[in-house]
Amino acid sequence: RTYYDYLVASSTYDAINGISEIITSTMVNRNLSVEQNNILYIADCYHPEIDNGELYMFKSQPYKYDIFDWTKNFLLMPDIPKALASFNGRIYAFTENATYKIEPNSFYIEDKYLGSGCSGPNSVVVTEYGMCYADPTNVYLHDGTNPIAIGDAIIKSNNGFGYQELYNEPPLVIFDGMRNSFVIFMNDTYAWCYSLQSRRWDLWSSDLLNGFDKINSAFSDKNGRMYLNVKDTSAATGHMVKYADGPTNSAFSWTSKDIILGRSTQNKKFYTLNKVGNAEVILKDSSGSTISNFPHTGQNVSAIVSADAGEYLDS
């Protein structure tokens with residue numbers, strides 16, 4: 001009697017799973033992650049077999065967010081990333097003073113922008129209007145090609161409310177779909193709001209925390225409304241607050257820049273003040289005195305608006 005051994009041809013472990021069988025630990029601990037094209041990209045990592053893992057970025061196997069071939073699917077970064085974002089078909093890794101544009105397929109640094117970075121993972125938001133992010137010095141809006149500094153007008157102020165003056169910790173950046181604006185929460189009292197339509201900054205001030213003492217996070221829901229997750233650190237309790245969605249107008253004030261009518265050193269004659277709305281509006285001359293008699297002759301004037309709750313000014 002003759003016996004035969006039959007060998008059945010089959011694929012290797014590597015071919016089936018896309019990873020070598022000698023890699024016993026495919027999970028990598030990380031602080032940052034972002035998904036694109038069904039692949040998870042991670043940064044600021046730790047793995048027991050990798051030295052200085054915080055400088056590495058890794059990408060997972062497709063459709064397998066917890067399996068990483070860390071022996072070959074990695075990218076060594078120049079510095080430890082503070083935030084990650086997926087925007088316009090690219091992965092963006094941010095340090096505090098630099099932005100790195102990463103090609104996700106071949107996994108290499110495609111471009112870098114020095115001088116503009118991001119303070120933390122909650123300081124960046126991606127929308128169809130662009131990617132808005134903030135670092136300790138400015139606020140930027142990336143149009144898919146270049147980052148544009150949009151916070152120059154609010155960097156410093158005469159009353160201590162400028163962006164750099166209010167900056168103390170990484171701000172929270174979210175998109176307000178109801179007003180088509182980016183909102184940068186500086187602390188528990190102040191938030192800077194940038195309107196995309198008018199390209200104007202407004203300073204919002206109120207009790208954001210409603211008696212709580214820390215903002216954990218901020219986000220927008222599917223309808224564009226803003227929510228704050230706030231916490232009472234002494235009692236270790238949390239609360240969800242819907243923000244800027246009240247039925248009435250709040251009290252506000254606004255001061256214009258100097259109105260020079262195209263000539264900064266030439267005297268002009270200002271004849272009258274017209275307004276649409278019931279808010280109080282007064283004009284100041286170049287010395288800061290209120291203009292009460294018209295026509296007024298001077299090089300410039302400025303307008304100051306004061307409105308109580310429920311009052312408004314259209315123009």
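It should be noted that the structure appears before, not after, this text.
Residues numbered from 1 in each chain as written. Predicted model: local features only at pLDDT ≥ 70, side-chain atom pairs only at ≥ 80, totals over all residues. Heavy atoms only, no water.

Novice: What exactly am I supposed to notice about the sheet that holds strand β25 (residues 302-307) here?
Specialist: Whether parallel or antiparallel, the strands of a sheet pair through hydrogen bonds between backbone atoms. The strand order β21-β25-β23 describes an open sheet built from 3 strands, whose pairing is antiparallel. Each edge of the open sheet carries a strand with a single partner, namely β21 (252-255) and β23 (280-284). In this sheet, neighbouring strand axes are inclined to one another by 15 degrees on average, regardless of whether the strands run parallel or antiparallel. For β23 and β25, the ladder comprises 5 bridges, and the chain directions are antiparallel. When the bridges of β25 are listed, Lys284 appears paired with Ser302. (Pairing = 2+ DSSP bridges. Helix = DSSP H or I, 4+ residues; strand = E, 2+ residues; numbered from the N terminus. Axes fitted to C-alpha atoms, helices over the stretch in contact; angles between N-to-C directions.)

Novice: Help me understand the side chain of Ser195 in this model?
Specialist: Looking at the element boundaries, Ser195 is found in strand β16 (residues 190-195). In contact with Ser195, not counting residues within four places along its chain, are Asn180, Ser181 and Arg200. (Contact = heavy atoms within 4.5 Å.)

Novice: How do you make sense of the side chain of Asn73 when you look at a structure like this?
Specialist: Structurally, Asn73 is set in the loop between β4 (64-68) and β5 (74-76). A polar contact is formed between the side chain of Asn73 and the side chain of Gln61, at a distance of 3.5 Å. Beyond its immediate chain neighbours, meaning those up to four positions away, Asn73 contacts Met57, Phe58, Lys59, Gln61 and Phe107. (Polar contact = N/O pair within 3.5 Å; in protein donor to acceptor, adjacent residues only side chain to side chain.)

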